[in-house]
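# Fold and contact review
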Amino acid sequence: MSFLWMLIVGGVIGWLAGLIMGRDIPGGVIGNIIAGIIGSWLGGVLLGSWGPKVSDFYFFPSLIGAVVLIFIVSLILRSTSGRSRS
């Protein structure tokens, strides 16, 4: 049951981060879940454990980590799609 909660909360965190950044996450729902889970890990490493805890995710560090992750991914995607093919 905790795995299901992890997927749901990770998806919500990824969705909220996408809304904050104003960018769509590639992959739709699966992309939201992945961004939320990886962002939660990243936020936990960088910011620690503080704020409300929902299903093993500390909400604020997770959300900040997901926003940073989406920002980095969007920069990478923008730089690779901007290259001209010869």
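Residues numbered from 1 in each chain as written. Predicted model: local features only at pLDDT ≥ 70, side-chain atom pairs only at ≥ 80, totals over all residues. Heavy atoms only, no water.

With that out of the way, let us pick up helix H2 (residues 28-47). Between its terminal C-alpha atoms H2 stretches 27 Å, which fits the 28 Å expected from 20 residues at 1.5 Å a residue. Three or more residues of H2 are buried, namely Gly 31, Asn 32, Ile 33, Ala 35, Gly 36, Gly 39, Ser 40, Leu 42 and Gly 43. Next to the buried residues of H2 lie helix H1 (2-21), strand E2 (57-58) and helix H3 (59-81). Looking one or two residues beyond H2, the residue adopting positive phi is Gly 48, at roughly 85°. (Helix = DSSP H or I, 4+ residues; strand = E, 2+ residues; numbered from the N terminus. Expected span 1.5 Å × (residues − 1). Buried < 20%, exposed > 50% of the residue type's maximum accessible area, 1.4 Å probe, protein only. Contact = heavy atoms within 4.5 Å.)

Here we come to the UniProt feature "transmembrane region" (unreviewed entry) in the protein chain. Under the feature "transmembrane region" (unreviewed entry), the UniProt entry names residues 6-22, 29-51 and 57-77. The straight-line gap between the two end C-alpha atoms of residues 6-22 is 24 Å; of that span, 94% is helix and 0% is strand. From the first C-alpha to the last, residues 29-51 spans 25 Å; its make-up is 83% helix and 0% strand. (UniProt positions renumbered as here; feature names shortened; annotations may be inferred.)

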